[in-house]
Amino acid sequence: MEDYGRFLALLVSALLVGFVSVVFSLVWVFHYREGLSWDGGPREFNWHPVLIITGFVFIQGIALIVYRLPWTWKCSKLLMKFIHAGLNTIAMILAIVSMVAVFEYHNARNIPNMYSLHSWIGLTAVIFYSLQLFLGFAVFLLPFAPVPLRAALMPIHVYSGLTIFATVIATALMGITEKLIFSLKTPPYSASPPEATFVNCLGLLLIIFGALILWMASRPHWKRPPEENAKILRPIGGTPEGTEAESTMTDGSSGDKSDLRNNSEAARKQNLKLDEACQRSTM
């Protein structure tokens, strides 16, 4: 890997900042906001920032760069797809639970739902994230989509993922600011009480974490080597190039050998086509 030391430094920094952000969210709700519960009260609402920061920000950020960890390049691409999909699934579940907590709190207190820009963008991000996850499963994880379709959708999938992540960061900043404005009365938010200063620092941590993740996910020289893709992207029922195909050809006729070579060559060209698409994308 080019600039391995720099990548490692950025990775450690991102993990540290992300972890500290989660700790800050817990300190906020336990020290300043009465803790956590599921009773329809303010403590149920507190699940919202904790789960959003933990799942929709931190875990989603790790999912974005999991392909770029160089020590995973010896693992099969299929395994890394499952890990990528699993992390995103966890992030989505936590985001949905956090939304339920907000709606239940609002309904119990007769507070209107979906009136702020924060709520509009937040719900939109959750919907598009769910669609992104579903299409990722259907097109890239399950072995039924044709390779040309995967190659065509890969740049869109990558761009959508980065856009959704950046949108989530922005929405989280809007949300914590909105919460402080509504909650801090004596003294008000404008007086910069300790809680306001503490949560503003949390916002800065979220920005730094988002910037580090987006930088690592968008550097083309830190991609997983494309030749690894060819090991798992082959037609259903096909054989890896140079293994079972060669052993099968030893006892077959010359016509069978030619057919197997042609099939292997076609699969190789399809894999290369997808690799080229991946090279144009940021993952």
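Here, every reference points to the structure presented above.
Residues numbered from 1 in each chain as written. Predicted model: local features only at pLDDT ≥ 70, side-chain atom pairs only at ≥ 80, totals over all residues. Heavy atoms only, no water.

1. Quick notes on unusual backbone geometry
For step 1, the next point in the chain: Residue proline 187 is reached from threonine 186 by a cis peptide bond, and omega for that bond is 0°.
For step 2, the next point in the chain: Mapped onto the elements, proline 187 comes out in the loop between α6 (147-183) and α7 (194-218).
For step 3, the next point in the chain: At serine 192, a position not held by glycine, the phi torsion is positive, near 55°. (Helix = DSSP H or I, 4+ residues; strand = E, 2+ residues; numbered from the N terminus.)

2. Description of the pattern of salt bridges
For step 1, the next point in the chain: Applying the stated criterion across every chain yields a total of three salt bridges.
For step 2, the next point in the chain: Between arginine 43 and aspartate 39 there is a salt bridge, with the nearest N and O atoms lying 3.3 Å from each other.
For step 3, the next point in the chain: Judged by relative accessible area, which is 45%, aspartate 39 ranks as partly exposed. (Salt bridge = Lys/Arg side-chain N within 4 Å of Asp/Glu carboxyl O. Buried < 20%, exposed > 50% of the residue type's maximum accessible area, 1.4 Å probe, protein only.)

3. With respect to the side chain of glutamine 132
For step 1, the next point in the chain: In this fold, glutamine 132 is placed in helix α5 (residues 117-141).
For step 2, the next point in the chain: Only 2.7 Å separates the side chain of glutamine 132 from the backbone oxygen of histidine 157, close enough to count as a polar contact.
For step 3, the next point in the chain: If sequence neighbours within four positions are ignored, glutamine 132 has contacts with His157, Ser160, Gly161 and Ile164. (Polar contact = N/O pair within 3.5 Å; in protein donor to acceptor, adjacent residues only side chain to side chain. Contact = heavy atoms within 4.5 Å.)

4. Some thoughts on the packing of aromatic side chains
For step 1, the next point in the chain: Applying the stated criterion across every chain, the model contains seven aromatic pairs.
For step 2, the next point in the chain: Judged by centre distance (5.3 Å) and plane angle (70°), the rings of phenylalanine 7 and tryptophan 222 are edge-to-face. Here the residue phenylalanine 7 occupies a position in helix α1 (residues 4-32), and tryptophan 222 occupies one in the loop between α7 and α8 (244-249), the gap between them amounting to 215 residues. You'll find phenylalanine 7 and tryptophan 222 in the same group, each marked buried.
For step 3, the next point in the chain: Pairing phenylalanine 165 with phenylalanine 209 gives two aromatic rings, centres 6.3 Å apart and planes at 70°, and the pair type is edge-to-face. You can see phenylalanine 165 sitting in helix α6 and its partner phenylalanine 209 sitting in helix α7, a full 44 residues away along the chain.
For step 4, the next point in the chain: You can call phenylalanine 165 buried: its relative accessible area is 0%.
For step 5, the next point in the chain: Of the aromatic side chains, those joined through ring pairs into one cluster are Phe24, Tyr32 and Phe198.
For step 6, the next point in the chain: For lysine 77, the ring lying beneath its charged end belongs to tyrosine 67, and the centroid distance is 5.3 Å.
For step 7, the next point in the chain: In this arrangement the basic side chain of arginine 219 is found over the ring face of tryptophan 215, its NZ or CZ atom lying 3.7 Å from the centre. (Phe/Tyr/Trp six-rings, centres within 6.5 Å; stacked < 30°, edge-to-face > 60°. Lys NZ or Arg CZ within 6 Å of the ring centre and 35° of its normal.)

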